[in-house]
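Structure assessment
The residues making up each chain are set out below.
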Amino acid sequence: MEKSNPKYNAYIQILKEELRPAMGCTEPIALAYAAAVARRTLGELPDRVVIGASGSIIKNVKSVIVPNTNHLKGIPAAAAAGIIAGNPDKELEVISEATAEDARRMKEFMENTPISVEHLNNGIIFDILVTLFKGENYARVRIANYHTNIVLIEHNGEILKESEVTGEEEEGLTDRTLLNMEDIWDFINSVDINDIKEVLDMQMEYNLTIAEEGLRGTYGANIGKVLLEMDGDNVRTRAKAMAAAGSDARMNGCELPVVINSGSGNQGITVSLPVIVYAKELQVEKEKLYRALALSNLTAIHEKTPIGRLSAYCGAVNAGAGAGAGIAYLCGGGYEEVIHTVVNALAIVSGIVCDGAKASCAAKIASAVDAGILGYNMYVRGQQFYDGDGIVTKGVEATLKNVGRLGKEGMRETNEEIIKIMIGE
């Protein structure tokens, strides 16, 4: 792909937009970000807080520990963190500077301040509305469709910022529909590494660091450690274990940042760490690792685009298939090996549901990475899933379209049932 091709710069921009640092699970952090912006707008500590959240936000915030809060969980904790210690200029690292004293103040604030949570059901999957009151004064902030997309800032009836929310369109981002597997393959084989090096270096550094911490410490169900103890020290196990360990730590209170993919830290961990493990095992040149990571990341973004940011379809599935593509490339695979790896992987694990962010995400990640590795090893041994095998159809793009339909439309009702189960309806 020539640099003069408009898709060349678009693909670089997509990587820069998607591969961003974030501390903690991104949905509670988005909520903390909205609360921090509202607190700055109000200009004083509120005496009452009202939070509106779509069902998928409620699902993803309910069970996950908010970092730098002394292990507090849930929507009120995320809002309190943003109100007490949030720096809105840092966006998805909004509470990265919170101290132990701040954590004590958060707990005190939650004990002494009414915080109510309302279920928003207006057709927007990703929707957060935070209103802070101080006597007769108020400030209101809304985030919609993706994690940093502030569409409303209101103070005492004055609209300080407002953007139209038209369905689930991601306003302000590069058009993801420009992605397709053939052009992604062309791009990763021709891209000037200097154009993508900085963002990928950050992804490698951050995500390796949290995975190593996950293996050192005790976090959640310790899936990374279990895998290593269960299956021994081979590259396939290490690829799964490192990704799982990063999620172990991230879902269970580790205060280290990660570099995300498709709005998700777990997906950012999944697309990167297995590829890094395989690159080290195979002793490939650094340039080839960069190209493999670009392939893994862009493949996962392409897969996730028709599904949307939040769904009952587990995003680790897309990321695991993306990692499989990157691994296929590192192992010497060409375009055919890559696309069949992706199709095979999605055929294996597309039934995994998302029931919020919590410890079991690490195990789902391990299963998704395993499917990516199996998908590649199937194809190089002359095995594959064919047109008519369930959701698999002829051509990688047609199959990805089916997966997108399954994740977005087919799982709407599933998502609602999961939310009802989780909130006890």
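Residues numbered from 1 in each chain as written. Predicted model: local features only at pLDDT ≥ 70, side-chain atom pairs only at ≥ 80, totals over all residues. Heavy atoms only, no water.

Moving on to the nonpolar core. Judged by nonpolar contacts, the single largest core of 126 residues is most densely connected at Y11, I128, F187, I188, I196 and L298. Counting residues per element, this core draws most heavily on helix α2 (residues 26-42), which supplies 11 residues. Core analysis: the next-biggest nonpolar cluster, separate from the first, contains six residues, I223, L227, A244 and A362 among them. (Core = buried A, V, L, I, M, F, W, Y, C linked by side-chain atoms within 4.5 Å. Buried < 20%, exposed > 50% of the residue type's maximum accessible area, 1.4 Å probe, protein only. Helix = DSSP H or I, 4+ residues; strand = E, 2+ residues; numbered from the N terminus.)

This part takes up helix α1 (residues 6-18). With 13 residues, α1 should cover 18 Å at 1.5 Å per step; its first-to-last C-alpha distance of 18 Å lies within 8% of that length. Residues Y8, A10, Y11, I12, I14, L15, E17 and E18 constitute the buried set of α1. N-capping of α1 is provided by N5, with a side-chain oxygen placed 2.9 Å from the backbone N of K7. (Expected span 1.5 Å × (residues − 1). Polar contact = N/O pair within 3.5 Å; in protein donor to acceptor, adjacent residues only side chain to side chain.)

The calculated volume of the largest pocket comes to roughly 410 Å³. Forming the walls of the largest pocket are 22 residues, and the residues nearest its centre are E168, E170, T305, G308 and R309. (1 Å grid on protein atoms, 1.4 Å probe; cavity = no way out; pocket = protein on both sides within 12 Å on 5 of 7 lines; lining within 4 Å. Points joined across faces, edges and corners; volume = space filled by probe spheres on them.)

Looking now at the packing of aromatic side chains. Within the structure shown, the criterion is met by five aromatic pairs. Relative to Y329, the ring of W185 has its centre 5.8 Å away and its plane inclined at 80°; by these criteria the two rings are edge-to-face. With W185 in helix α6 (residues 181-190) and Y329 in helix α12 (residues 315-330), this residue pair connects regions lying 144 residues apart in the sequence. One exposure class covers both W185 and Y329, and it is buried. With a centroid separation of 6.2 Å and 50° between ring planes, the pair formed by W185 and Y335 is classed as tilted. One end of the pair, W185, is in helix α6; the other, Y335, is in helix α13 (residues 335-349), and 150 residues separate them in sequence. Residue class for Y335 comes out partly exposed when judged on its relative accessible area of 23%. Of the aromatic side chains, those joined through ring pairs into one cluster are Y8, Y11 and F187. When the ring centre of F133 is taken as reference, the NZ or CZ atom of R48 above it lies at 3.9 Å. (Phe/Tyr/Trp six-rings, centres within 6.5 Å; stacked < 30°, edge-to-face > 60°. Lys NZ or Arg CZ within 6 Å of the ring centre and 35° of its normal.)

For the rest of this paragraph, the subject is unusual backbone geometry. Look at E91: it is not a glycine, yet its phi comes out positive at around 50°. Structurally, the position occupied by E91 is in the loop between α4 (75-85) and α5 (100-112). For E91, a relative accessible area of 26% corresponds to the partly exposed category. Phi is positive for S262, close to 55°, though the residue is something other than glycine. Residue placement: S262 occurs in the loop between β8 (257-259) and α10 (265-282). Judged by its relative accessible area of 6%, S262 is buried.

What follows deals with the environment of A34. Within the secondary structure, A34 is located in helix α2. As a C-alpha pair, A34 and N266 span 232 residues in sequence and 21 Å in three-dimensional space. Not counting chain neighbours up to four residues away, the residues in contact with A34 comprise I128, V130, V141 and I143. (Contact = heavy atoms within 4.5 Å.)

We now examine the sheet that holds strand β4 (residues 127-134). Within the open sheet, the six strands sit side by side as β3-β2-β4-β5-β6-β7. Their pairing is mixed. Each edge of the open sheet carries a strand with a single partner, namely β3 (115-120) and β7 (158-162). When strand polarity is set aside, the average angle formed by the axes of neighbouring strands in this sheet is 10°. As paired strands, strand β2 (residues 48-54) and β4 are joined by six bridges and run antiparallel to one another. Residue pairing in the sheet places R48 in a bridge with F133 of β4. (Pairing = 2+ DSSP bridges. Axes fitted to C-alpha atoms, helices over the stretch in contact; angles between N-to-C directions.)

Let us look at a negative patch on the surface. Negative charge collects at one region of the surface, where E2, E182, D186 and E397 lie side by side. Among the secondary structure elements, E2 is positioned in the segment before α1. (Patch = residues over 30% accessible without salt bridge, like charges linked within 9 Å, V, L, I, M, F, W, Y side chains within 5 Å. Areas by Shrake-Rupley, 256 points an atom, 1.4 Å probe, with all protein chains shown as cover. Salt bridge = Lys/Arg side-chain N within 4 Å of Asp/Glu carboxyl O. Lys, Arg positive; Asp, Glu negative; His and termini not counted. Charge placed at Lys NZ, Arg CZ, Asp CG, Glu CD.)

Once that is clear, we can look at the pairing of β7. For strand β6 (residues 150-155) and β7, the ladder comprises four bridges, and the chain directions are antiparallel. Within β7, the residue paired with H155 across the bridge is E158. Taken together, β6 and the strand that follows it, β7, pair antiparallel across an intervening segment of two residues, in which N156 is found at a positive phi of about 50°.

The next subject is the pairing of β2. Counting buried positions along β2 yields six of seven residues, so the element is predominantly enclosed. Sheet topology places β2 next to β3; six bridges connect them, and they run parallel. Its bridge partner lying in β3, V50 is registered against S116.

On their own, these measurements won't tell you what the molecule is for.
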